[in-house]
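# Examination of the molecular architecture
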Amino acid sequence: MKKNILYLITILLLVGCSKEPKIVTYEGAIYEKPSKVTFETMPNTEFIKSSFEELPDWESENYKDALNSFINSCSTTKTKSLYKELCQEASRVNDPKRFFIENFLPYQVDMTKNKGDGLLTGYYEPLLRGSLSKKEPYVYPVYSTPRDLLVVDFVEQYPELKDYRLRGRKEGNKVVPYYSRKELSKRKIDADIVCYVDNRIDLFFLEVQGSGRVQLDSGEMIYVGFDNLNGYKYSSIGKYLINAGEMSYAQASMSGIKDWCNKNPSRVDELLHHNESMVFFKKRAKPASGALGIVLTPNRSVAVDKSYLPLGSMLYMSANTKERDLNRVVIAQDTGGAIKGSVRADLFFGYGDEAGKSAGKLKAPLKLWILLPKKES
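Residues numbered from 1 in each chain as written. Predicted model: local features only at pLDDT ≥ 70, side-chain atom pairs only at ≥ 80, totals over all residues. Heavy atoms only, no water.

## Looking at the overall build of the protein chain
For the protein chain, the helix and strand inventory stands at eleven helices and 21 strands. Expressed as a percentage of its 377 residues, the buried residues of the protein chain come to 45%. As displayed, the protein chain has an accessible area near 20800 Å², and 51% of this comes from carbon and sulfur atoms. (Helix = DSSP H or I, 4+ residues; strand = E, 2+ residues; numbered from the N terminus. Buried < 20%, exposed > 50% of the residue type's maximum accessible area, 1.4 Å probe, protein only. Areas by Shrake-Rupley, 256 points an atom, 1.4 Å probe, with all protein chains shown as cover.)

This is the structure we're talking about:
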């Protein structure tokens, strides 16, 4: 008995004298487990401390290109607030690789708690054909925000709801949900019309992409971008077709869906109305810009779920496709209704048909790291 007590005391002393290992951490880190960390600014996301050596193909990165994308994003207040003096220092860098290694620390985004994560898709800036006046074949209107659409912002009374907006319409002395896509298709919408286009499927995918270009019959090119939406959650028409047994998961690309619509014209309404969400547009003076407010950079800009990762943050992504591996530094500069989850990203491919083909077929398993300023705890 005496020996057992002495053994127990020895164990307790050893445990009590053990020291926590010193680690490098980002300001505001709170450790929950030895291997995982959360940040005050990203409470919904768990991270695992990593290193540049663990980043797939890091040695093959185009460091100068990656640095330029970071400098470009530093023109926004959100990236500046995240990286502070590193934004100023970046423009004076002679050795981009050394700048990254000496000033940043990678944290892998953990997806254990968030099932369904780990997916990279692509998007692009589509080109539509249109006219400023309604005439054949330009008969499908691109609407601006309806005049009866109300947007209620709770941020002053409830700061915790800063990422949420209530959209509806007034009915008597009540605010009720706004009209769904199906309901709007049967109503006269009280809104300005930016232009008319010749293909309703292309118009639907313009909503999915969030911005695009319209080549007018006059020869003029105009830019259109997201202005508002009707307040309904995005529902994937690709998943709808898969669940209905109309196509396989591999076939549910943008081109596959367009082919299905061409073969089933009588069911297009059924398909499109499955997604109750509808996007409204406005004319813009410049090409595609994301939620961060700057023009997107092909192959360097991604859309993320900002409830998990902040806009303006620098990330490293790793995804393997049949054609090539996509391992590189990217910047979180956009959001999207279909982009949900912590390890979920949409890579911007640029403008035109080739970009559309690349974006439309991209669907790959994804790993993400966030690159944060290196600080001693």
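Having seen it, we continue.
## A look at the state of the cysteines
Going through the model one piece at a time under the given rule, you end up with one disulfide. The partner cysteine of Cys 74 in its disulfide is Cys 87, sulfur to sulfur 2.1 Å. The disulfide joining Cys 74 to Cys 87 has a torsion of about -75° about its S-S bond and is therefore left-handed. Placement of the pair is Cys 74 in the loop between α2 (63-73) and α3 (77-83) and Cys 87 in helix α4 (residues 85-90), with a sequence separation of 13 residues. Of the two residues, Cys 74 and Cys 87, both sit in the buried class. (Disulfide = S-S within 2.5 Å.)

## Focus: the environment of Lys 97
By the secondary structure assignment, Lys 97 is in helix α5 (residues 96-103). In this structure Lys 97 comes out as partly exposed when scored by relative accessible area, which is 24%. Taking C-alpha positions, Lys 97 is 9.1 Å from Glu 59, a pair spaced 38 residues apart along the chain. At 2.6 Å, the side chain of Lys 97 forms a polar contact with the side chain of Glu 59. (Polar contact = N/O pair within 3.5 Å; in protein donor to acceptor, adjacent residues only side chain to side chain.)

## Thoughts on helix α11 (residues 353-361)
By the burial criterion, the buried members of α11 are Ala 355, Gly 356 and Ala 359. Angularly, the buried residues of α11 cover 100° about the axis, an arc narrow enough to put them on a single face. Turned more than 90 degrees away from the buried face of α11 sit Asp 353, Glu 354, Lys 357 and Lys 361, all of them exposed. Elements that come into contact with the buried residues of α11 comprise β6 (119-125), α9 (254-263) and β19 (344-351). (Arc of directions from axis to C-beta. Contact = heavy atoms within 4.5 Å.)

## A few points about the sheet that holds strand β9 (residues 150-153)
Overall, antiparallel pairing links the three strands, which are arranged β9-β10-β11 in an open sheet. Among the strands making up the open sheet, the edge pair consists of β9 and β11 (174-177). Across the sheet, the mean angle from the axis of one strand to that of its neighbour is 55°, orientation sign disregarded. Across four bridges, the pairing between β9 and strand β10 (residues 165-171) is antiparallel. Residue pairing across strands places Leu 150 opposite Gly 168, the latter belonging to β10. (Pairing = 2+ DSSP bridges. Axes fitted to C-alpha atoms, helices over the stretch in contact; angles between N-to-C directions.)

## A word on the confidence of the model for the protein chain
The pLDDT averaged across the protein chain works out to 87; a share of 88% of its residues lies at or above 70. In this model, residues 1-25 is a region of pLDDT below 50 whose contacts with residues beyond four sequence positions or in other chains number 15 contacts. (pLDDT = per-residue confidence, 0-100.)

## What about the packing of α2 against α5?
The interhelical angle for the contact between α2 and α5, taken along N-to-C directions, is 65°, at an axis separation of 8 Å. Along its contact with α2, which presents Tyr 63, Lys 64, Ala 66, Leu 67 and Phe 70, the element α5 presents Pro 96, Lys 97, Phe 99 and Phe 100. Its residues assigned to classes, the contact of α2 with α5 shows seven nonpolar, no polar and two charged. (Nonpolar A, V, L, I, M, F, W, Y, C, P; charged D, E, K, R; others polar.)

## Concerning the pairing of strand β5 (residues 104-110)
Of all seven residues making up β5, six are buried, and the element is well covered by its neighbours. For strand β4 (residues 42-49) and β5, the ladder comprises four bridges, and the chain directions are antiparallel. Opposite Ile 48, over in β5, you have Gln 108 as the bridge partner. Bridging between β5 and strand β20 (residues 363-373) involves five bridges; their strand directions are antiparallel. Bridged to Pro 106 within β20 is Leu 371.

## Some details on the pairing of strand β17 (residues 314-320)
Of all seven residues in β17, six are buried, a share of seventy percent or more. As defined by bridge partners, β17 adjoins strand β18 (residues 325-334) across seven bridges and the pair is classed as antiparallel. Note on β18: the bridge partner recorded for Ala 319 is Leu 326. Joining the antiparallel neighbours β17 and β18 is a turn of four residues. Where β17 meets β20, six bridges bridge the pair, whose relative direction is antiparallel. Looking across to β20, one finds that Met 314 is bridged to Leu 371.

## Concerning the layout of surface pockets
In this structure, the second largest pocket occupies an estimated 590 Å³ of space. Lining the second largest pocket are 24 residues, with Tyr 140, Pro 141, Tyr 143, Ser 185 and Met 278 positioned closest to its centre. If you list the elements that add at least two residues to the lining of the second largest pocket, you get β8 (140-143), α6 (181-185), β12 (193-197), α7 (200-209), α10 (268-274) and β15 (279-284). Its residues assigned to classes, the lining of the second largest pocket comprises 15 nonpolar, two polar and seven charged. (1 Å grid on protein atoms, 1.4 Å probe; cavity = no way out; pocket = protein on both sides within 12 Å on 5 of 7 lines; lining within 4 Å. Points joined across faces, edges and corners; volume = space filled by probe spheres on them.)

## Considering the side chain of Ser 301
Relative to the assigned elements, Ser 301 resides in strand β16 (residues 301-303). For Ser 301, a relative accessible area of 1% translates into the label buried. A distance of 2.8 Å separates a polar atom in the side chain of Ser 301 from the backbone nitrogen of Thr 297. Not counting residues up to four positions away in its chain, the partners in contact with Ser 301 are Leu 296, Ile 331, Gln 333, Asp 346, Leu 347 and Phe 348.

## Quick notes on the pattern of salt bridges
The final tally for this structure, using the stated rule, is 19 salt bridges. For the salt bridge of Asp 202 with Lys 258, the shortest nitrogen-to-oxygen distance reads 3.0 Å. Of this pair, Asp 202 sits in helix α7 while Lys 258 sits in helix α9, and the two are 56 residues apart along the sequence. Given a relative accessible area of 23%, Lys 258 falls into the partly exposed group. Between Glu 246 and Arg 267 there is a salt bridge, with the nearest N and O atoms lying 3.1 Å from each other. On the criterion of sequence distance, the pair formed by Glu 246 in the loop between α8 (237-243) and α9 and Arg 267 in the loop between α9 and α10 is long-range, its members being 21 residues apart. Take Glu 246: its relative accessible area is 32%, and that puts it in the partly exposed class. Taking relative accessible area as the criterion, Arg 267 reaches 24% and is therefore assigned partly exposed. Several salt bridges converge on common partners, so that one network encompasses Lys 36, Glu 46 and Asp 110. (Salt bridge = Lys/Arg side-chain N within 4 Å of Asp/Glu carboxyl O.)

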